[in-house]
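Given next are the chains, with one letter for each unit.
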There are 2 protein chains.
Amino acid sequence: MVRYKAIIAYDGTNFNGFQRQSTGRTVQEEVEKTITKMANQRVEIHGSGRTDAGVHALGQVIHFDFPYERPLEKMRFGLDTQTPDDVAVKSVEIVADDFHSRYLVKEKIYEFRVDIGKPRSPFRRFYASYFPYAVDVAKIERALPDFLGTHDFTSFCATGSSVEDKTRTIYEANVTVNEAGDELVFTFRGDGFLYKMIRIMVGTLLKIGNDRMPADSIPAIIAGKDRNLAGPTAHPEGLYLKEVRY
Amino acid sequence: MVRYKAIIAYDGTNFNGFQRQSTGRTVQEEVEKTITKMANQRVEIHGSGRTDAGVHALGQVIHFDFPYERPLEKMRFGLDTQTPDDVAVKSVEIVADDFHSRYLVKEKIYEFRVDIGKPRSPFRRFYASYFPYAVDVAKIERALPDFLGTHDFTSFCATGSSVEDKTRTIYEANVTVNEAGDELVFTFRGDGFLYKMIRIMVGTLLKIGNDRMPADSIPAIIAGKDRNLAGPTAHPEGLYLKEVRY
C-alpha cells in the first residue's frame, strides 16, 4: 500500500458537505467512488476535517492508501478528470505511512466572502453570503484583532458540539474589500476551528460593522463563554477552506 | 405609459438565452412575467440584443413601457427582488418615449473569460471557457490589434446568419491575465457584433496562442470572407455582455 496526500478543491453548492452521510451527495463519497474504481478495490479517504453543506474548498487535504504506486501527474490527472466537475484535484504526492490528514494538522486557513453590493450579484449567489445592510469596515477592522491569540471559544461554537476542549489559537484575522467595493473577504488562520466558529465570528463582525454591537465587544463575548452573546451564524455559501498546513 | 430603461445582469447558466423561445427558460420571459405582474397588465420588454444559451450579462440593457410612473429605487428594488435569483436589476431610469434599447445602440462591450489553470477550477466551470493547452499570451497580443477598425467580418460570423451587412467597427480588443496566472480575460468594444463573432474571434486567438496558427493570420482571414478560415467557436460560458452604450 502506498499512502497518497492530495489537495482538492470543490464547489460545495451541490454537496451535502464533505463527509459521507446517510442521505445526500457528499465529496467523500464521490472521491472514494473514483479512487475505488481506479484501484479496483475499496479505498477509503480521510479529510483534514468536515465541511458543511454549501461550504466550499480551495485546498482541502485528503489522504488515502492505494494498492500500488502510480506516477504522480498520471494519478492527479486521472483523479481530476474522473471525479465530477464540481471537484478538482490540484496536486497529489506520496507521503509517509504515518501521515494523517486530520491528526497532523498544524494550521488551517479559511476565507469568508460577503457580497455587500446592491443588488446581490447573480454570479456570487452560491459563492458569497449576502449582507444587504450598511457596513462600516473600520469598525470590523477595530474588532478583528480581539480574536487573535489563545482563547476558549465556547461563545463562537454552535451549541450541541461534542468537542470538550474549546480552546483554539488564532494567528491571523483580517478583512479586505475588493476593488469594486462590493465584496468583503475575511481571512482566518488558526490551529483549528470549532463547529461553525468562522460563520459565527463573521456573523458577529457584520453585526459590529452594521453598528448593532460595539466594536470592542469581542473580549467580553469570549469571556462570557455563552453562544447567545455572539451574533448570528453567517450563511455557509460564503465559507471556503483555503489551505491546510502540516 | 412611461418608458423605463433598465440595466440587468444575469447568470446565463440556466437560461436558454435572452430571447423568448418556444422551449426553455429565457431571461425575457422571466423579466416580463415579473413586470407584467407588477403592472397588472401585459408588458413586453426589449433587449439591446440576444444572448445565447449559457452566455452571461453584467450590463444588458432593456426598455419597457409601464402604465404609470413609480419612484426609481422602488421600481428597481421591486424588479430585482421579484425576478429569479439568477437575474439582478442593477439600475432603472425613465427615458424619452423614443428611446429604444436595440435601435439606438452606439457601442457594446463584451468580455470573454478563459480558464487556463490546471486543473479547471470548479468555481469557474459555468463562468469561463476552459482551455487546457499551452497559451503564449504574447502571440495573442500580437494578433489582437488586427481586429481593430472597420472590416467585413464574414469570416467571424456563424454560417446561417441572416444579417446582410457584415461590416462592423471594433474600437478596442485586448487581453489581460489575472494575478494567479490561470485566467485570461478578453475585452472587445465595437459598434456591434455578428452572431457568435466574439466566440469565433476568441477561438481563433486561442489557436494562435497555442501556436497552431501564425500570429499575423488575422488580416488574411478577414480578407478571405470565409468562416472556414477562422478558428473554432469558443464555448458560451466564457462570454459576458458587459456594457451597452447609447
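Everything quoted here is computed from the prediction, not taken from an experiment.

## Let's talk about the overall build of chain A
Now for step 1: Within chain A, the secondary structure is distributed over five helices and ten strands.
Now for step 2: Taken over C-alpha atoms, the radius of gyration comes to 19 Å for chain A, in line with the 18 Å a tight globule of 246 residues would show.
Now for step 3: Dimensions of chain A along its principal axes, counting C-alpha atoms only, are 60 × 40 × 30 Å.
Now for step 4: The buried share among the 246 residues of chain A stands at 55%.
Now for step 5: Long-range contacts, defined here as pairs at least 24 residues apart, represent 70% of the contacts in chain A between residues at least 6 apart.

## Topic: the UniProt feature "active site" (unreviewed entry) in chain A
All names here are of chain A.
Now for step 1: Sequence positions flagged by UniProt for "active site" (unreviewed entry) are, in local numbering, Asp-52.
Now for step 2: Positionally, Asp-52 belongs in the loop between β2 (45–47) and β3 (56–66).
Now for step 3: By relative accessible area, Asp-52 is classed as partly exposed at 21%.
Now for step 4: Once residues within four sequence positions are removed from consideration, Asp-52 is found in contact with Gly-17, Tyr-195, Lys-196 and Arg-199.

## Some thoughts on the domain arrangement of chain A
Residue and element names in this part refer to chain A.
Now for step 1: By the assigned domains, chain A splits into domain 1 (2–94) and domain 2 (107–245).
Now for step 2: For domain 1 versus domain 2, the separation of C-alpha centres amounts to 27 Å.
Now for step 3: In this assembly, 15 residues from domain 1 lie in contact with 16 residues from domain 2.
Now for step 4: The junction of domain 1 with domain 2 conceals about 1,200 Å² of combined surface from both sides, 57% of it contributed by carbon and sulfur atoms.
Now for step 5: On the domain 1 side of the contact with domain 2, Asp-52, His-56 and Leu-58 bury the most area, a combined 43% of that side's loss.
Now for step 6: The interface formed by domain 1 and domain 2 contains one salt bridge.
Now for step 7: The interface formed by domain 1 and domain 2 includes ten residue pairs in polar contact (both at pLDDT 80 or more).
Now for step 8: Of the residues that constitute the side of domain 1 that touches domain 2, the class distribution is five nonpolar, eight polar and two charged.

## A closer look at the interface of chain B and chain A
Now for step 1: The partner chain A presents 22 residues to the 22 residues of chain B that form the contact.
Now for step 2: Taken together, the two surfaces of chain B and chain A that pack against each other cover about 1,500 Å², and 69% of this comes from carbon and sulfur.
Now for step 3: On inspection of chain B and its partner chain A, the count reaches two salt bridges.
Now for step 4: Here Asp-11 of chain B and Arg-125 of chain A are joined by a salt bridge, their closest N and O atoms 2.8 Å apart.
Now for step 5: Summed over the shared surface of chain B and chain A, the result is two residue pairs in polar contact (both at pLDDT 80 or more).
Now for step 6: With four residues, the single largest contributor to the side of chain B that touches chain A is strand β4 (residues 87–94) of chain B.
Now for step 7: Considered class by class, the residues forming the side of chain B that touches chain A number twelve nonpolar, two polar and eight charged.

## Digging into helix α2 (residues 72–82) of chain B
Now for step 1: When we look at burial in α2 of chain B, the residues that qualify are Met-75, Arg-76, Gly-78, Leu-79 and Asp-80 of chain B.
Now for step 2: On its buried face, α2 of chain B sits against β1 (2–10), α1 (27–39), β3 (56–66) and β4 of chain B.

## Topic: the packing of aromatic side chains
Now for step 1: Within the structure shown, the criterion is met by 29 aromatic pairs over all chains.
Now for step 2: A ring pair is formed by Tyr-10 of chain A and Phe-15 of chain A, whose centres lie 6.4 Å apart and whose planes are at 75 degrees; its orientation type is edge-to-face. You'll find Tyr-10 of chain A and Phe-15 of chain A in the same group, each marked buried.
Now for step 3: Between the aromatic rings of Tyr-4 of chain B and Phe-64 of chain B, the centroid separation amounts to 5.7 Å while the plane-to-plane angle is 15 degrees, which identifies the pairing as stacked.

## Some words on the pattern of salt bridges
Now for step 1: In this structure the tally under the stated criterion is 49 salt bridges over all chains.
Now for step 2: Glu-107 of chain A is paired through a salt bridge with Arg-189 of chain A; the nearest N and O atoms lie 3.0 Å apart. Here Arg-189 of chain A lies in strand β9 (residues 183–190) and Glu-107 of chain A lies in strand β5 (residues 107–115), a separation of 82 residues in the sequence.
Now for step 3: Among the residues examined, Glu-107 of chain A registers a relative accessible area of 16% and is labelled buried.
Now for step 4: The shortest N-O distance in the salt bridge between Arg-142 of chain B and Asp-146 of chain B comes to 3.4 Å.

Rules used in this analysis
Residues numbered from 1 in each chain as written. Chains lettered and ligands numbered in written order. Predicted model: local features only at pLDDT ≥ 70, side-chain atom pairs only at ≥ 80, totals over all residues. Heavy atoms only, no water. Helix = DSSP H or I, 4+ residues; strand = E, 2+ residues; numbered from the N terminus. Rg over C-alpha atoms; globule rule 2.2 N^0.38 Å. Buried < 20%, exposed > 50% of the residue type's maximum accessible area, 1.4 Å probe, protein only. Contact = heavy atoms within 4.5 Å. UniProt positions renumbered as here; feature names shortened; annotations may be inferred. Domains from an automatic or database assignment. Buried area = accessible area lost by both parts, 1.4 Å probe. Salt bridge = Lys/Arg side-chain N within 4 Å of Asp/Glu carboxyl O. Polar contact = N/O pair within 3.5 Å; in protein donor to acceptor, adjacent residues only side chain to side chain. Nonpolar A, V, L, I, M, F, W, Y, C, P; charged D, E, K, R; others polar. Phe/Tyr/Trp six-rings, centres within 6.5 Å; stacked < 30°, edge-to-face > 60°.

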